[in-house]
Amino acid sequence: MPHWACHYYRLETHSAFVVGSWAFSSTDSIVSLLIYSLLVALNLLAIHSEKYRIIAAALTGIGHLSIGSLHAYRLLYPFTFEVFGYSWTYAASLREFLISVPFGALSLFVAISMKAEGVHA
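Keep in mind that this is a model prediction, so the values were computed, not measured.

Enquirer: Looking at this model, I keep getting lost on the packing of helix α2 (residues 26–48) against helix α3 (residues 53–76). Mind explaining?
Expert: The packing of two helices is summarised by the inter-axis angle and the distance between the axes. Relative orientation of the contacting elements α2 and α3 amounts to 145 degrees, with a least axis distance of 8 Å. In terms of crossing hand, the pair formed by α2 and α3 is left-handed. Residues Y36, L39, L42, N43, A46, I47 and H48 of α2 form the contact with α3, whose participating residues are R53, I55, A56, L59, T60 and I67. Considered class by class, the residues forming the contact of α2 with α3 number nine nonpolar, three polar and one charged.

Enquirer: Would you take a moment to explain the nonpolar core for this structure?
Expert: As a rule of thumb, nonpolar side chains are buried together in soluble globular proteins. Within the largest apolar cluster, seven residues are counted, these being C6, F17, V19, F24, F79, F81 and V83. Counting residues per element, the ones that place at least two in this core are β1 (17–19) and β3 (81–83). When near neighbours in sequence (up to four residues on either side) are disregarded, V83 contacts C6, A16, F17 and W88. In this structure, I54, A58, A111 and V119 belong to the second largest nonpolar core, which totals six residues.

Enquirer: Please clarify how the sheet that holds strand β4 (residues 86–87) should be interpreted in this entry.
Expert: Picture the strands of a sheet paired through backbone hydrogen bonds; they go either parallel or antiparallel. Taken together, the four strands give an open sheet; going across it, the order is β2-β1-β3-β4, and neighbouring strands pair in antiparallel fashion. Looking at which strands have only one partner, the edges of the open sheet turn out to be β2 (22–23) and β4. In this sheet, β2 lies alongside β1 in antiparallel orientation, the contact comprising two bridges. Following the sheet pairing, V18 is matched in β2 by A23.

Calculation notes
- Residues numbered from 1 in each chain as written.
- Predicted model: local features only at pLDDT ≥ 70, side-chain atom pairs only at ≥ 80, totals over all residues.
- Heavy atoms only, no water.
- Axes fitted to C-alpha atoms, helices over the stretch in contact; angles between N-to-C directions.
- Helix = DSSP H or I, 4+ residues; strand = E, 2+ residues; numbered from the N terminus.
- Left-handed = near helix turned anticlockwise from the far one by under 90°.
- Contact = heavy atoms within 4.5 Å.
- Nonpolar A, V, L, I, M, F, W, Y, C, P; charged D, E, K, R; others polar.
- Core = buried A, V, L, I, M, F, W, Y, C linked by side-chain atoms within 4.5 Å.
- Buried < 20%, exposed > 50% of the residue type's maximum accessible area, 1.4 Å probe, protein only.
- Pairing = 2+ DSSP bridges.

This is the structure in structure tokens:
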């Protein structure tokens, strides 16, 4: 949800969100909100319905590993990262990496474990 809230707040305040040479447009943030909303809905659906659990865990894992990898790359090869019109610090990228990567890996581990145990997908 933090990434969803980031795009929501950015749209409400008309503030900048820049990753490298990509300055997010309002449309980019709306698409991001839709993607995050679908992922949240899928995870909520997976609470009730076992058949969605593997895909929900796998997509959550891949998403968090992607975000964490972006921040790891930024730490190794610095590039512009601006949120709400402010420069995102390298310490914040490190924190994002340290949170997102383990969570993503755990989510993928859960998906793989459920598949191995024969949870129906």
